[in-house]
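# Structure at a glance
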Amino acid sequence: MILSRLAARPLLLVAGLFLALALPWMVYPPVALDIACWALFAAALDLLLGFTGLLSFGHAAFWGGAAYVAGLIAVHSGLPFPVAVLGGAAFAAVLALPIGYLSVRLHGIYFAMVTLAFAQMVYFVVNQWRDLTGGENGLQGVPRELFGLDLSDSFLFYYAGLPLVLAGFVAVWRIVRSPFGRVLASIRDNPARAQALGYPVDRYRLLAFVLSAALSGLAGGLFAIGHGFASLESVYWTTSGQVVMMVVLGGIGTLWGGVIGAALVVELNDYLVTAGFDGIGIVTGTIFVIIVLVFRRGIWGTARDLLQARSGRGPGKPGSGDAPNGAPSRSEDVGSPV
Amino acid sequence: MEGPVLRAQGLAKEFRGFRAVDGVDLDIAEGSVHALVGPNGAGKTTLFNLLTGFLKPSAGRILLGERDLTGRRPEQVARLGVARSFQITSLFPQMTPREHVELALAGATGLTWRFWRSHRLLDRFGDRAAELLDQVGLAAHAEIPAGNLAYGHKRALELALALALDPRVLLLDEPTAGMGVEDIDRTVELVRKVRAGRTVVMVEHNMSVVSSLADRVTVLQSGRVLVEGPYAEIRHDPRVISAYLGDPHAED
């Protein structure tokens, strides 16, 4: 049983890598890049929501802010696009510092509301600063420069951008499984206890917030380069809502769940738009409600719980045999009433 | 025994007009075991929360040696050498006892900021963690998620966590609450063992525990100090008897 669990991880990793490489063959290539970017965005948000216990409702500021900054760097400097994307990510991190500083001391719904408010301020600035951002037309004509290579083909550009996305995923994975990630988990589960152990909880939350923002910026910057423009929608609150929805759909605190949620939402949106359907919000909203009601831990979270229950690691058998692997199951509240 | 290591001067805490702690002076002698007793609502836990920075006092001062602790945050108080356990077991349900203690040991090192390293970095605290867990009798349970531990083991883990901080002053909030006789005896032995080289302040309801451990006892009532002295003295004080102890022979 331990062996099979140990084997499961690399297997999953290989499967994920294979999917990432095969994606442009399976779906329309521009959509493939959208999925990759949103998946990284979802994972970055999950770092905060699932692994630190903070629900940010303002991550559009970092995704969209980085989109504009990456776009501006690409338009005005002609530097290779990865530099522009990393510039966007750096901007998101810097932007997250004051926003995080002022909001991490708040909890629950107050944190969500304050981050939302800050994101709307960013939206306001982007909308008003027309000379720089193009206002509601967005920032147009963002080039895909990489040492003079022709990347106009979306299929090729997907592979040019994929290393950035994968690097982002490795970063999220590393953070979650670092000493820092251990402290974040303890803060999520019991902040007062973490404080009593000598941990300055708010400072850890702030660093988590900045890291999450930087990785969201990485995704947003690449998204803008991939589309050739940065849209006003990218800093609008619906973007913040969409990424939260993806994480909840896939399963909070699972990383893989965010990928599934992103793929589902992006693919569905694309399908409905292509079919000329207007009421996208109604369809995605309905699916969201159904999935949240049926799979209370999201798609991936529920699937994982079922697999673990089948292999005898269900909530009914606490601490049986193979507990000492440092990856305790998150099944404490399975039995909680609806 | 020497001068006071931890002092409270005129400490008060007011919640919306209700004075939970009302001008408490407390001198905790270095190396002593000092018990806080009193009926429910006497302000014992509030006093603990004030001493450890979880609540900000409305008035008064807290001193650790020469250092002013007043208004400091909980993590600062913990780093400066005042560690606490919680009355209601307060753990991280998904982490194992070993991981708990490693986290407590790592806090002072700064290693826990390293988000780019593997959590195996914390393995270096494994030996010390094993020692501490052994000391509190948890060696056999080091790898069980804390949420699945038996109650007595959870309380023992609380103690191991406080000890991992290697504090000058150890604050134990009802360490024997909800325990059976055997666990109580074990806990008393444990506190006796770990008090060497430090000062212990404990809130405790069980008078036999107080009598066997405490050098001094402070009796609180309605947020004020009613009496203070060695157990043998205060147990016969008529004010204490009427406030709290009831029949003085009830324990025998």
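The structure presented is a predicted model; accordingly, all values stated were derived computationally and were not measured. (Residues numbered from 1 in each chain as written. Chains lettered and ligands numbered in written order. Predicted model: local features only at pLDDT ≥ 70, side-chain atom pairs only at ≥ 80, totals over all residues.)

The helix and strand inventory of chain B stands at nine helices and 10 strands. Relative to the 2.2 N^0.38 estimate, which gives 18 Å for 252 residues, the radius of gyration of chain B is 18 Å and therefore close to what a compact globule would have. Seen through its C-alpha atoms, chain B measures out along the principal axes to roughly 60 × 40 × 35 Å. In chain B, buried positions account for 46% of the 252 residues. If you take every contact in chain B between residues at least 6 apart in sequence, the share linking residues at least 24 apart comes to 66%. (Helix = DSSP H or I, 4+ residues; strand = E, 2+ residues; numbered from the N terminus. Rg over C-alpha atoms; globule rule 2.2 N^0.38 Å. Buried ≥ 20, exposed ≤ 12 C-beta atoms within 10 Å, placed from the backbone. Contact = placed C-beta atoms within 7 Å.)

In this section: the overall build of chain A. The helix and strand tally for chain A stands at 14 helices and zero strands. Reading chain A from its N terminus to its C terminus gives the helix and strand order α-α-α-α-α-α-α-α-α-α-α-α-α-α. Across the 338 residues in chain A, those meeting the buried criterion constitute 51%.

Counting from both sides, the interface comprises 36 residues of chain B and, opposite them, 28 residues of chain A. Of all elements in the fold, only helix 2 (74-80) and helix 3 (97-106) of chain B reach the threshold of two or more residues within the side of chain B that touches chain A. Per-element tally for the side of chain B that touches chain A: the top contributor is helix 2 of chain B, with four residues.

When the pLDDT values of chain A are averaged, the result is 82; 88% of them are 70 or greater. Every residue in residues 313-338 of chain A is under pLDDT 50, and counting partners more than four places away or in other chains gives 31 contacts. (pLDDT = per-residue confidence, 0-100.)

A packed helix pair is summarised by two numbers, namely the angle formed by the two axes and the spacing between the axes. Residue and element names in this part refer to chain A. Contact geometry of helix 8 (residues 179-189) with helix 10 (residues 201-227) gives a least axis separation of 10 Å together with a crossing angle of 120 degrees. The crossing of helix 8 and helix 10 is left-handed. Counted together, Val183, Leu184 and Ile187 of helix 8 and Val201, Tyr204, Arg205 and Ala208 of helix 10 form the full contact between these two elements. Classifying every residue of the contact of helix 8 with helix 10 gives six nonpolar, no polar and one charged. (Axes fitted to C-alpha atoms, helices over the stretch in contact; angles between N-to-C directions. Left-handed = near helix turned anticlockwise from the far one by under 90°. Nonpolar A, V, L, I, M, F, W, Y, C, P; charged D, E, K, R; others polar.)

Bringing the nonpolar core into the picture now. Judged by nonpolar contacts, the single largest core of 184 residues is most densely connected at Leu40, Ala42 and Leu47 of chain A together with Ala160 of chain B. Apart from residues lying up to four places away in sequence, Ala160 of chain B is in contact with Val101, Leu132, Leu133, Val136 and Leu138 of chain B. (Core = buried A, V, L, I, M, F, W, Y, C linked by C-beta atoms within 7 Å.)

With that out of the way, let us pick up the sheet that holds strand 8 (residues 199-203) of chain B. Residues and elements named next belong to chain B. One open sheet accounts for six strands, arranged 6-7-8-3-9-10; its pairing is mixed. Where the open sheet ends on each side, the last strands, each with one partner, are strand 6 (82-84) and strand 10 (224-229). Strand-to-strand twist across the sheet, computed as the mean angle between neighbouring axes with direction ignored, equals 20 degrees. (Pairing = 2+ DSSP bridges.)

Residue and element names in this part refer to chain B. The strand order across the open sheet built from four strands is 2-1-4-5, with neighbouring strands paired in antiparallel fashion. Across the chains shown, the open sheet's two edge strands, defined by having one partner strand only, are strand 2 (18-29) and strand 5 (67-68). Bridge analysis of strand 1 (residues 4-15) against strand 2 gives nine bridges, and the strand direction is antiparallel. Within strand 2, the residue paired with Phe15 across the bridge is Phe18. Where helix 1 (residues 44-51) meets the sheet, its contacts fall on strand 1, strand 2 and strand 4 (59-64), and the angle it forms with strand 2 comes to roughly 65 degrees.

A few words on the pairing of strand 10 of chain B. All names here are of chain B. Note: strand 9 (residues 216-221) against strand 10, five bridges, orientation antiparallel. Paired with Gln221 across the two strands is Arg224, which belongs to strand 10. Where strand 9 folds back on strand 10, the antiparallel hairpin that results is connected by two residues, among which Ser222 adopts a positive phi of roughly 50 degrees.

Time to look at the environment of Ala36 of chain A. Residues and elements named next belong to chain A. Among the secondary structure elements, Ala36 is positioned in helix 2 (residues 29-49). Given 29 C-beta atoms within 10 Å, Ala36 falls into the buried group. In this structure the C-alpha to C-alpha distance between Ala36 and Leu166, which are 130 residues apart in sequence, comes to 8.9 Å. Beyond its immediate stretch of four places on either side in the chain, Ala36 contacts Ala20, Leu162 and Val165.

Residue and element names in this part refer to chain B. Notably, Glu174 is not glycine yet its phi reads approximately 50 degrees, a positive angle. Looking at where Glu174 falls in the secondary structure, it is placed in the loop between strand 7 (169-173) and helix 6 (181-194). By the C-beta count within 10 Å, which is 21 here, Glu174 ends up buried. Residue Ser222 is not a glycine yet carries a positive backbone phi of 50 degrees. Structurally, the position occupied by Ser222 is in the loop between strand 9 and strand 10.

Let's shift gears to the confidence of the model for chain B. Residue and element names in this part refer to chain B. On average, chain B scores 86 in pLDDT, and the residues at 70 or more come to 95%. Every residue in residues 247-252 is under pLDDT 50, and counting partners more than four places away or in other chains gives five contacts. Model confidence for the complex is summarised by a pTM of 0.84, with the ipTM given as 0.83.

Structurally, Gly279 of chain A can be placed in the loop between helix 12 (256-274) and helix 13 (280-294). Residues Gly279 of chain A and Ser231 of chain A, spaced 48 residues apart in sequence, show a C-alpha to C-alpha distance of 21 Å.

Residues and elements named next belong to chain A. Helix length check: helix 11 (residues 237-250) (14 residues) gives 20 Å between terminal C-alpha atoms against 20 Å at 1.5 Å per residue, within 8%. With 11 of its 14 residues buried, helix 11 lies for the most part within the structure. Along helix 11, the residues that are buried comprise Thr239, Ser240, Gln242, Val243, Val244, Met245, Met246, Val247, Val248, Leu249 and Gly250. Turning to helix 11, the residues buried within the fold contact helix 2, helix 3 (60-77), helix 5 (108-128), helix 12, helix 13 and helix 14 (298-310). Phi turns positive, to about 130 degrees, at Gly251, one or two residues after helix 11. (Expected span 1.5 Å × (residues − 1).)

This part takes up the packing of helix 3 of chain A against helix 11 of chain A. Residues and elements named next belong to chain A. Two numbers describe how helix 3 lies on helix 11: the axes approach to 8 Å, and their chain directions differ by 120 degrees. Classified by chirality, the crossing of helix 11 by helix 3 is right-handed. Within the contact between the two elements, helix 3 uses Ala60, Trp63 and Gly64 and helix 11 uses Trp237, Thr239 and Ser240. Grouping the constituent residues of the contact of helix 3 with helix 11 by class yields three nonpolar, three polar and no charged.

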